[in-house]
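What follows is the residue order along each chain.
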Amino acid sequence: MATLTDLFAYPVVQAPMAGGGSTPRLAAAVSEAGGLGFLAAGYKTPEAMYEEIKQVRSLTANPFGMNLFMPQPITADPAAVEVYAEQLAGEATWYDTPLGDPDSGNDDAYEAKISVLLDNPVPVVSFTFGCPDRDTLDALARVGTFTVVTVTSTAEALAAQRAGADAVCVQGIEAGGHQGTHRDDAELDCAGVGLLALVPQVRDAVQLPVIAAGGLMRGDQIASVLAVGADAAQLGTAFLVCPESGANALHKRAITDPVFTHTELTRAFSGRPARGLVNRFMREHGPYAPAAYPQIHHLTAPLRRAAAAAGDPQAMALWAGQGHRLARSVAAGELVALLADELDAAREAMAARSAS
């Protein structure tokens, strides 16, 4: 089986962005340019996931990855979800849409997706919101798939190593979108560790390749995480604004719009901590959103779709990392080349400083 560095010419991984950001065109463009492109199976049917795999294969012969969400334990308090639904009644009236059914499913068709990936192997499969068991990781290894588990702590990285993962994606608190914590504990909200502090801790704890993720937008930042022990860097927000991204145009514009001054972690849209641009919906509802994923995700989905259809970004989930101001709206292949050039320049500068 391939090692991590066999999968790309440049240590640039395009983050899987569930909800529309990741597309076959984006993943293929990144892989064709020498990075590692990723699809996102989250919120898709197994059939839709397989169709996207076929599309990428028609566009590139280079390695690419697929990301899966782990099934979530049923821990949400139904009464808390009901109270939050009552709070959102005014939003439903304003956007003229009913709220979604919070009990639409917890497992995201995980087992069916694993079956598809065993029958039709892809080069890389990564996991978010938990760690698969050894049997699953061993089965993927037998069909030649390289496996990556998203972690946010050394304890999670150790669990991934024990289970037999081939690598870990170390996610700092700067990252846009959902925090990939293995256990959703409301008492630990905003207690995550910054990427430059977390990567060396994980590097010391496990003997696995490390992909660093969180707030990275430029090649000199990639050089920094490589210098502290990462083997590659994963960027999401940087690729979100590319023309090949499937993100809503309102979302793309908001990334660099001065109206949106900063990001925060919130449970407002999904019931799980996720970093996004602060908008009206986040300010008004974030403090009251319960720890209830994916129930709150299902509940708010119609509101988010209606807001997008109405051209109103103030009730959309505008996921973005802390480095969003540095976004560059260029083609994905061009962005990979820019990042590679910036990385080379940063390494040369580091070497020159060390020699002086």
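Our subject is the structure that appears above.
Residues numbered from 1 in each chain as written. Predicted model: local features only at pLDDT ≥ 70, side-chain atom pairs only at ≥ 80, totals over all residues. Heavy atoms only, no water.

## Considering the environment of P294
Item 1. As for its placement among the helices and strands, P294 is situated in the loop between α12 (280-285) and α13 (295-309).
Item 2. By relative accessible area, which is 4% here, P294 ends up buried.
Item 3. Along the backbone, P294 and S270 are 24 residues apart, and their C-alpha atoms lie at a distance of 6.2 Å.
Item 4. Each residue touching P294, except ones within four places of it in the same chain, is listed here: Q72, G105, N106 and S270. (Helix = DSSP H or I, 4+ residues; strand = E, 2+ residues; numbered from the N terminus. Buried < 20%, exposed > 50% of the residue type's maximum accessible area, 1.4 Å probe, protein only. Contact = heavy atoms within 4.5 Å.)

## Focus on the sheet that holds strand β6 (residues 167-171)
Item 1. Here we have eight strands laid out as an open sheet, ordered β1-β9-β8-β6-β5-β4-β3-β2, and parallel in their pairing. Edge positions in the sheet fall to β1 (12-14) and β2 (37-40), since each has one partner strand and no second. Averaged over all pairs of adjacent strands, the angle between their axes in this sheet comes to 25°, without regard to strand direction.
Item 2. As paired elements, strand β4 (residues 124-128) and strand β5 (residues 146-151) share four bridges and run parallel to each other. Among the inter-strand pairings, S126 is bridged to a residue of β5, identified as V148.
Item 3. Relative to β2, helix α1 (residues 24-32) is tilted by about 160°, and along the sheet it contacts β1, β2 and β3 (64-69).
Item 4. Each of β5 and β6 touches helix α7 (residues 154-163); the most contacted strand, β5, lies at about 160° to it. (Pairing = 2+ DSSP bridges. Axes fitted to C-alpha atoms, helices over the stretch in contact; angles between N-to-C directions.)

## Quick word on the packing of helix α9 (residues 219-227) against helix α14 (residues 332-355)
Item 1. One can describe the packing of α9 onto α14 by two numbers: an axis separation of 7 Å at closest approach and a directional angle of 55°. The orientation of α9 with respect to α14, classified from their angle, is oblique. Note on packing geometry: the crossing formed by α9 with α14 is right-handed. Contacts between α9 and α14 pair G219, D220, I222, A223, S224 and L226 from the former with L339, E342, L343, A346, R347 and M350 from the latter.
Item 2. Classifying every residue of the contact of α9 with α14 gives seven nonpolar, two polar and three charged. (Parallel < 35°, antiparallel > 145°, perpendicular 65-115°, else oblique. Left-handed = near helix turned anticlockwise from the far one by under 90°. Nonpolar A, V, L, I, M, F, W, Y, C, P; charged D, E, K, R; others polar.)

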